[in-house]
Amino acid sequence: MPETDQQTHPYVGLRPYRREESALFYGRDREAREVATLWQATGLIVLYGASGVGKTSLLHAGVLPLLEPERTDLLPVARIGGHLASAESAGNPYVVALLSAWAPQLDPRQLSSMTISDFLELRPEHTDLYGDPVPTLAAIDQAEEIFHGSPLLEKERKAFLDQLADAVRRHPALHVLLSLREEYLFLVLPHERLIGQGSRTRFHLRALTPDKAEDAVRKPLRHTARTITRAAADLLIAELRTVDFVNELGETSTIELDTVEPIQLQVVCSALWASLPPLVTEITEDHARLYAKVEEFLFEFYKRTISEVAREHRVPSNEIRIWMRNVFITEHGTRNAVYEGLRTTQGMPNEIVHALEERHLLRAEQRLGIRWYELTHDRLIGPVSRSDSPESSLREARLALEEQDWEGAGRLADAAVRAADAGATWVRAEAAEIFASVAAARGEIHVARKYCEEAAGIFAERQRFDGVARALTTDGLLWLAQGDSTRAIERISAALNWAPNDLSAQVALARALMASDTPKAADAIISGLPSDLAQQTLEKLRDPT
């Protein structure tokens, strides 16, 4: 057990626990013991569960540390997908990928002519203190990568499974563990009898019960300089178990779930740990209320995940967010399930949908041979809905303007208008400002001017004087861009009548006055600006480029 360390981070967040972090892994004692026992006793054990339930963590940080080196011959945990891309085409890519995981020091080309049995026969026999052979334990994590691979490799996949079954038959000491997501379990069933050679079992890993979730929250802190009270831990768990449910009539009720999703528990606990002031040594219920903002943590997790997927696949993040909101949340605010198409799912490329599943935003399920997707948990309904709020869309639209993504900015502003309540006219006004900038960038000056007039009118009705000033200033700059400095001065001066202290309007007026050959008037405006802004304005006027 590691000594108490002030620098130790007791929670791992989104990634799985590693074997060396077993001392921080709590809440799965029973499951770890059962899987370890079954693995050593049977030819095949299939460990399955939902995405994000903690199968990889259980295997590495829970099961492996329980295996005694004197009584087991443990092969390195393999992941076929991690080696499949580098496997040489000279041999079966699945076989080469497995053997490369077992012997990473060897060149894959050396392994391309071997079968699984060939490899095992070359290994020295392992025996216990009494000279009896010990079980050889082989685990394949994320084994769904075998069964849900390319159709072009169907022949190689079948040959690989046959080789694995033959290896178990020829080497009775070989015990195989396949860990995979539960929606792929049906693909393993036809092969269980052959691989297990009559000795097979399954283990369904489920979400954490409240008491086990409490262990996962409190016990890792034993190795840090902090503690957490039971009341604080219970508050965190209660937050994650509580969801709002909307029925078909639109009536909202609050329900408490029986389990806690491990992935969400890690997200919240990691964020809480990072948010605490350095001098806190005991995390109390007050700390949990003040710093553990579950909805905020899940919202940040959602936004960060969408951004990562969007960046990897070179798709605007707003498109994914809008798709998530429209596809996976019903009009009553409940989860919706949709089926996977051949290349797209409800208009989104399947590779992006798979990436969202890998990052635990979506969960897949097989129904009558068809793959269906839904949000992993009801707790994500709020973050997904919130990310498509008018405020969020407008904020993203302004960022798109900064990046000169005119099409994206216009689409986001339009999404904000569609998501707004009927009385939220301010949304239409701010969207009109964005539409004006997009139209101006496209050279549609008359269209841009109409949007400026619309925005100014709505802002005036709502007595948003700053908004009126912005719209009139933009209109003035449009006139200035067309070479009409007189109309520009007129519009920008009107803006300053609404908001006399608006610095952007003052700078714009100085530009218009300078363009109208009245530099003294421009200098008078500039001299009233803050010194740094005045200097920047002078430099821009001297060098407009």
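The numbering scheme is per chain: residues are counted from 1 as the chain's sequence reads. Only residues with pLDDT of at least 70 get local features here, since the model is predicted, and only at 80 or more are side-chain atom pairs given and counted; chain-wide, interface and lining totals rely on the full set of residues. For the side-chain quantities, the full set of heavy atoms in the structure was used; hydrogens and water were omitted.

1. Description of the nonpolar core
- Nonpolar cores are built from buried Ala, Val, Leu, Ile, Met, Phe, Trp, Tyr and Cys residues. Side-chain atoms within 4.5 Å join them into one set. When a residue's accessible area, from a 1.4 Å probe over protein chains only, is under 20% of the maximum for its type it is buried; when over 50% it is exposed; and in between it is partly exposed. Core analysis: the biggest nonpolar cluster contains 54 residues, and I320, M324 and L356 have the highest contact counts within it.
- One finds A101, W102, A103 and I195 within the second-largest nonpolar core, a separate group that totals 37 residues.

2. Overview of the packing of helix α10 (residues 210-218) against helix α11 (residues 230-241)
- Comment: axis = line fitted to C-alpha atoms, over the contacting stretch for helices; angle = value between 0 and 180 degrees taken between N-to-C directions. Secondary structure counts use DSSP, requiring at least four H or I residues in a row for a helix and at least two E residues in a row for a strand, with both numbered from the N terminus. Taken N-terminus to C-terminus, the directions of α10 and α11 make an angle of 125 degrees; their axes are 10 Å apart at the nearest point. As the angle between them shows, α10 and α11 are arranged oblique. Two packed elements cross with a definite hand, and for α10 against α11 that hand is right-handed. Contacts between α10 and α11 pair P210, A213, E214, V217 and R218 from the former with R230, A233, D234, L236, I237 and R241 from the latter.
- Nonpolar residues are Ala, Val, Leu, Ile, Met, Phe, Trp, Tyr, Cys and Pro. Charged residues are Asp, Glu, Lys and Arg, and all others, Gly as well, are polar. Classifying every residue of the contact of α10 with α11 by side-chain character gives 6 nonpolar, no polar and 5 charged. An angle below 35 degrees is read as roughly parallel, one above 145 as roughly antiparallel, one from 65 to 115 as roughly perpendicular, and any other as oblique. The crossing is said to be left-handed when, going from far helix to near helix, the turn is anticlockwise and less than a right angle, and right-handed when the turn is clockwise. Only heavy atoms matter for contacts: two residues are in contact if any of them lie within 4.5 Å across the pair.

3. Here's the deal with the sheet that holds strand β3 (residues 136-140)
- Here, any two strands with at least 2 DSSP bridges between them count as paired. The 5 strands lie next to each other as β2-β3-β4-β1-β5, forming an open sheet whose pairing is parallel. Each edge of the open sheet carries a strand with a single partner, namely β2 (73-74) and β5 (200-205).
- The pairing of β2 with β3 spans 2 bridges and is classified as parallel. Within the sheet, the bridge partner assigned to L74 lies in β3 and is L137.

4. Comments concerning the side chain of R363
- In this structure, R363 sits in strand β13 (residues 362-367).
- R363 sits in the buried class, given a relative accessible area of 18%.
- Excluding residues that lie within four positions of it along the chain, R363 makes contacts with A50, S51, E261, W372, Y373, E374, L375 and T376.

5. Considerations on unusual backbone geometry
- The backbone of Q142 sits at a positive phi, close to 50 degrees, despite the residue not being glycine.
- Note on placement: Q142 falls in the loop between β3 and α7 (144-147).
- The phi torsion at R314 lies on the positive side, around 55 degrees, for a residue other than glycine.
- Topologically, R314 is positioned in the loop between α14 (294-313) and α15 (317-328).
- The exposure class of R314 is exposed, given its relative accessible area of 80%.

6. Observations regarding the packing of aromatic side chains
- For this analysis, a ring pair means two rings from Phe, Tyr or Trp (six-membered ring only for Trp) whose centres lie within 6.5 Å, classed as stacked if their planes differ by under 30 degrees, edge-to-face if by over 60, and tilted for the remaining angles. Under the defined criterion, the tally for this structure stands at 8 aromatic pairs.
- Considering the side-chain rings of Y339 and W372, the 5.6 Å spacing of their centres and the 65 degrees angle between planes classify their relative orientation as edge-to-face. Placement of the pair is Y339 in strand β10 (residues 338-339) and W372 in strand β14 (residues 370-375), with a sequence separation of 33 residues.
- Among the residues examined, Y339 registers a relative accessible area of 45% and is labelled partly exposed.
- Take W372: its relative accessible area is 23%, and that puts it in the partly exposed class.

7. Describing the pattern of salt bridges
- Salt-bridge detection follows one rule: a side-chain nitrogen of Lys or Arg within 4 Å of a carboxyl oxygen of Asp or Glu. Applying the stated criterion across every chain yields a total of 41 salt bridges.
- For the salt bridge of E144 with R181, the shortest nitrogen-to-oxygen distance reads 3.4 Å. Of the two residues, E144 sits in helix α7 while R181 sits in strand β4 (residues 174-181), which places them 37 residues apart along the sequence.
- Its relative accessible area of 6% is what places R181 among the buried residues.

8. Describing the confidence of the model for the chain
- Every residue is assigned a pLDDT by the predictor, reflecting its confidence on a scale from 0 to 100. On average, the chain scores 86 in pLDDT, and the residues at 70 or more come to 92%.
- Scored below 50 in pLDDT, residues 1-6 makes 14 contacts in the model with residues more than four places away or belonging to other chains.

9. Re the pairing of β4
- With respect to burial, β4 is a largely interior element, 8 of its 8 residues being buried.
- Neither face of β4 is exposed, since L174, V176, L178 and L180 on one face and H175, L177, S179 and R181 on the opposite face are all buried.
- Two strands pair when backbone bridges link them, and strand β1 (residues 44-49) and β4 are joined in this way by 6 bridges, in the parallel orientation. The residue of β4 that forms the bridge with Y48 is L180.
- Across 5 bridges, the pairing between β3 and β4 is parallel. If you follow A138 over to β4, its bridge partner there is V176.

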